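Observations on the model geometry
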Amino acid sequence: MARIGVEGTLSDVKAALMEMGHEVVDLRTEEDAANCDCCIISGQDKDVMGMADTTTQGSVINAHGFNAEDIVQMVNEKLS
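Residues numbered from 1 in each chain as written. Predicted model: local features only at pLDDT ≥ 70, side-chain atom pairs only at ≥ 80, totals over all residues. Heavy atoms only, no water.

Quick notes on the pattern of salt bridges
Defined as follows: A pair is scored as a salt bridge if a Lys or Arg side-chain nitrogen falls within 4 Å of a carboxyl oxygen belonging to Asp or Glu. Under the DSSP-based scheme used, a helix requires at least four consecutive residues in state H or I and a strand at least two consecutive residues in state E, with every element numbered from the N terminus. Throughout, exposure labels follow a simple rule: accessible area from a 1.4 Å probe, protein chains only, divided by the maximum for the residue type, with under 20% read as buried, over 50% as exposed, and the rest as partly exposed.
Tallied over the entire structure, the rule returns three salt bridges. We note a salt bridge from Glu 23 to Arg 3, for which the minimum N-O separation is 2.8 Å. Residue Glu 23 is located in strand β2 (residues 23–27), and its partner Arg 3 is located in strand β1 (residues 3–7); the two are separated by 20 residues in the primary sequence. Using a relative accessible area of 44% as the deciding quantity, one classes Glu 23 as partly exposed. Measuring nitrogen to oxygen at the nearest pair gives 3.0 Å for the salt bridge that ties Asp 26 to Arg 28.

Function cannot be read off these values alone, since they describe shape.
Next up, the structure:
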């Protein structure tokens, strides 16, 4: 399965992705996202400093306003 980076506050999303068989990595630093196929962010502190540096070639999904099932579906669509 895929390697998915997930922000620490999204524990329900982590659990759902692990249940699907994905390898889940906590996103704490830029290096954590480097080898991920997809990253899930909470959207709470998105672009706080007005900067948008890219550290991953994979998809980035903003989880703000979605439940864990929605996020899992989005991940599966991005990876297929």
